[in-house]
Amino acid sequence: MTMQINFLPDDITVNAEVGEPLLDVAERAGVSIPTGCLMGTCHACTVELDDGEIVRACITAVPPNKDKLTIHLFSDPTW
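Residues numbered from 1 in each chain as written. Predicted model: local features only at pLDDT ≥ 70, side-chain atom pairs only at ≥ 80, totals over all residues. Heavy atoms only, no water.

### Observations concerning unusual backbone geometry
Geometrically, the link from L8 to P9 is a cis peptide bond, its omega value of 15 degrees lying close to zero. Note that P9 resides in the loop between β1 (2-8) and β2 (12-17). Here the phi dihedral of H43 falls at roughly 70 degrees; this positive angle occurs in a residue that is not glycine. Inspection of the secondary structure puts H43 in the loop between α1 (22-29) and β3 (46-49). (Helix = DSSP H or I, 4+ residues; strand = E, 2+ residues; numbered from the N terminus.)

Here is the structure:
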């Protein structure tokens, strides 16, 4: 199943498959999400989903049962 992923604040939209890693989707869209450990423990890749859920993009996949997902990127100058 395919859905639209919208990255804010740059308002970049790309199609993605359910189960696809969020970092892969962002990279394909040309969106930079900082990474550190790639295991979710350093929190460098923290993003907020449109429902307010905070997730680590390095260990989170595109969820099922949605037509569109908005991802709010954080700006952390330490990464």
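Moving on from the coordinates now.
### Description of the side chain of T70
Within the secondary structure, T70 is located in strand β5 (residues 68-73). T70 gets classed as buried once you look at its relative accessible area, which sits at 14%. When near neighbours in sequence (up to four residues on either side) are disregarded, T70 contacts N6, L8, E48, L49 and D50. (Buried < 20%, exposed > 50% of the residue type's maximum accessible area, 1.4 Å probe, protein only. Contact = heavy atoms within 4.5 Å.)

### Regarding the environment of M1
With respect to the element layout, M1 can be found in the segment before β1. M1 sits in the exposed class, given a relative accessible area of 55%. Sequence separation between M1 and A44 is 43 residues; the distance between their C-alpha atoms is 28 Å. Residues contacting M1, with those up to four places away along its chain left out, are A16, E17, V18, K66 and D67.

### What about the nonpolar core?
If you look at the biggest cluster of nonpolar residues, it comprises 21 residues, and the most contacted ones within it are I5, F7, V25, I33, A57, V62 and I71. For this core, the secondary-structure elements that each account for two or more residues are β1, β2, α1, β3 and β5. The residues contacting V62, other than those within four sequence positions of it, are M3, I5, A16, E17, V18, G19, E20, L22 and V25. (Core = buried A, V, L, I, M, F, W, Y, C linked by side-chain atoms within 4.5 Å.)

### A short note on the sheet that holds strand β4 (residues 54-56)
Read across the open sheet, the 5 strands follow the order β2-β1-β5-β3-β4; overall the sheet is mixed. Every interior strand has two partners, whereas the edge strands, β2 and β4, have only one. Each adjacent strand pair in this sheet contributes to an overall mean axis angle of 35 degrees, direction not counted. When β3 meets β5, the two strands line up antiparallel, connected through 3 bridges. If you follow L49 over to β5, its bridge partner there is I71. In the packing of α1 onto the sheet, the strands contacted are β1, β2, β4 and β5, and the crossing angle to β2 comes to about 135 degrees. (Pairing = 2+ DSSP bridges. Axes fitted to C-alpha atoms, helices over the stretch in contact; angles between N-to-C directions.)

It is worth stressing that arrangement in space is one thing and function is another; only the former is reported here.
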